[in-house]
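# Summary of the model geometry
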Amino acid sequence: MQIWEIIILGIGLSMDAFAVAICKGLSSEKFSVKAALIVGIWFGAFQALMPLIGYLLGSFVSSYIEAFDHWIAFILLAFIGGKMIYEAIKGEEKQDASVTFAIMLPLAIGTSIDAMAAGITLAFSAVNIFIAIAIIGVITFALSALGVKIGNIFGSKFKKKAEIFGGAILILLGLKILIEHLLF
């Protein structure tokens with residue numbers, strides 16, 4: 001997997017966190033740089049940690065499933081992407097503006113579960129996992145902090161579009177992995 005593909009993966013994976021960050025911005029009356037940084041750190045850290053966990057799990061079983069790993073990668077990414085699109089179309093949730101540990105921990109875990117599944121797919125690719133998780137974490141940090149600001153300024157206009165865009169990216173990335181393995 002090349003750097004540009006990891007960047008695209010990072011953007012796709014960060015869309016859940018970006019959408020929740022927009023909601024955080026929506027629910028706060030005044031923009032706070034501190035709150036934006038806290039949200040970015042929480043989401044960026046978990047989006048980096050979860051692919052590492054997935055990668056380790058995937059590496060453990062990769063020798064047993066090498067013959068069909070591309071199908072697993074495609075199915076996981078397509079499922080994650082489809083789920084993101086479905087949830088975006090289904091409706092939106094009301095968010096609390098608080099950035100306390102009790103609020104942020106479940107949000108960070110919830111928005112990064114898909115990153116763990118993506119980490120499993122990274123185990124089947126020729127990728128330096130530490131570079132990949134650094135890129136994914138930095139992208140998620142930046143987009144999440146920006147999402148708080150955007151939410152505070154523009155409202156809920158972008159939440160649905162961001163989640164649909166992220167879901168589409170993950171589906172297309174899974175399709176690319178499948179096509180590469182089937183054709184080459």
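What comes next is a walk through the structure.

## Comments concerning the packing of aromatic side chains
- Enumeration according to the criterion identifies 3 aromatic pairs in this entry.
- Ring centres of tryptophan 42 and phenylalanine 46 lie 5.9 Å apart, and the angle between their planes is 20°; on these two criteria the pair is classed as stacked. Note that tryptophan 42 and phenylalanine 46 are positioned in helix α2 (residues 33-65) at a spacing of 4 residues, about one turn of the helix.
- Between the aromatic rings of tryptophan 71 and phenylalanine 74, the centroid separation amounts to 6.4 Å while the plane-to-plane angle is 85°, which identifies the pairing as edge-to-face. With a gap of 3 residues between them, tryptophan 71 and phenylalanine 74 both fall in helix α3 (residues 69-90), about one helical turn apart.
- Members of the aromatic cluster, each reached through a chain of ring pairs, are Trp42, Phe46 and Phe101.

## Side note on the environment of phenylalanine 60
- Locating phenylalanine 60 in the fold gives a position in helix α2.
- Residue classification places phenylalanine 60 among the exposed positions, given a relative accessible area of 65%.
- For the pair phenylalanine 60 and isoleucine 120, spaced 60 residues apart in sequence, the C-alpha separation works out to 9.8 Å.

## Observations concerning the packing of helix α1 (residues 3-27) against helix α4 (residues 101-122)
- For the pair α1 and α4, the least separation of the axes is 10 Å and the interaxial angle reads 170°. With respect to their mutual orientation, α1 and α4 come out roughly antiparallel. Taken together, the residues of α4 that come into contact with α1 (itself represented by Leu9, Leu13, Asp16, Ala17, Val20 and Lys24) are Ile103, Met104, Leu107, Thr111, Asp114, Ala115, Ala118 and Leu122.
- Its residues placed into classes, the contact of α1 with α4 shows 10 nonpolar, 1 polar and 3 charged.

## With respect to the packing of α3 against α4
- Where α3 meets α4, the axes come as close as 9 Å, and the angle between the chain directions of the two elements is 160°. Considered as vectors, α3 and α4 are oriented roughly antiparallel to each other. Here the hand of the crossing between α3 and α4 comes out left-handed. Contacts between α3 and α4 involve Ala73, Leu76, Leu77, Ile80 and Met84 from the first element and Asp114, Ala117, Ala118, Ile120 and Thr121 from the second.

## Let's talk about the nonpolar core
- Counting 30 residues, the largest nonpolar core has Leu9, Leu13, Leu77, Leu122 and Leu170 as its most contacted members.
- Of all the secondary structure elements, the ones that give two or more residues to this core are α1, α2, α3, α4, α5 (129-154) and α6 (159-183).
- Looking at this core element by element, the count peaks at 7 residues for α5.
- Counting residues in hydrophobic clusters, the runner-up holds 13 residues, among them Ala21, Trp42, Phe43 and Val148.

## Quick word on the pattern of salt bridges
- Per the counting criterion, the structure on display carries 2 salt bridges.
- Lysine 176 is paired through a salt bridge with glutamate 5; the nearest N and O atoms lie 2.2 Å apart. One end of the pair, lysine 176, is in helix α6; the other, glutamate 5, is in helix α1, and 171 residues separate them in sequence.
- For the salt bridge of glutamate 87 with lysine 83, the shortest nitrogen-to-oxygen distance reads 3.1 Å. On the criterion of helical spacing, the pair formed by glutamate 87 and lysine 83 is a turn pair, its members being 4 residues apart in helix α3.
- Glutamate 87 sits in the partly exposed class, given a relative accessible area of 30%.

Rules behind the numbers
- Think of each chain on its own: its residues are numbered from 1, step by step along the sequence as written.
- Residue-level local features of this predicted model are given only where pLDDT is at least 70; pairs of side-chain atoms are given and counted only at 80 or more, and the full residue set underlies all totals for whole chains, interfaces and linings.
- Hydrogens and water molecules were not included; the side-chain quantities draw on all heavy atoms of the structure.
- For Phe, Tyr and Trp, where Trp contributes only its six-membered ring, two rings pair if their centres lie within 6.5 Å, and the inter-plane angle classes them as stacked under 30 degrees, edge-to-face over 60, or tilted in between.
- Helix and strand assignments come from DSSP, with helices taken as H or I runs of at least 4 residues and strands as E runs of at least 2, each series counted from the N terminus.
- Relative accessibility thresholds used throughout: buried, under 20% of the residue-type maximum; exposed, over 50%; partly exposed, between the two (1.4 Å probe, protein chains only).
- Axis definition: a line fitted to C-alpha atoms, over the contacting stretch in the case of helices. Angles run 0 to 180 degrees between N-to-C directions.
- Each angle gets one of four labels, with under 35 degrees taken as roughly parallel, over 145 as roughly antiparallel, 65 to 115 as roughly perpendicular, and the rest as oblique.
- The contact rule is simple, with two residues in contact once any of their heavy atoms fall within 4.5 Å.
- Under the grouping applied here, Gly and all other residues not named as nonpolar or charged are polar, the nonpolar ones being Ala, Val, Leu, Ile, Met, Phe, Trp, Tyr, Cys and Pro and the charged ones Asp, Glu, Lys and Arg.
- Left-handed describes a crossing whose near helix is turned anticlockwise from the far helix by less than a right angle; the clockwise case is right-handed.
- Here, nonpolar core refers to any group of buried Ala, Val, Leu, Ile, Met, Phe, Trp, Tyr and Cys residues whose side-chain atoms link them within 4.5 Å.
- A pairing counts as a salt bridge when a side-chain nitrogen of Lys or Arg comes within 4 Å of a carboxyl oxygen of Asp or Glu.

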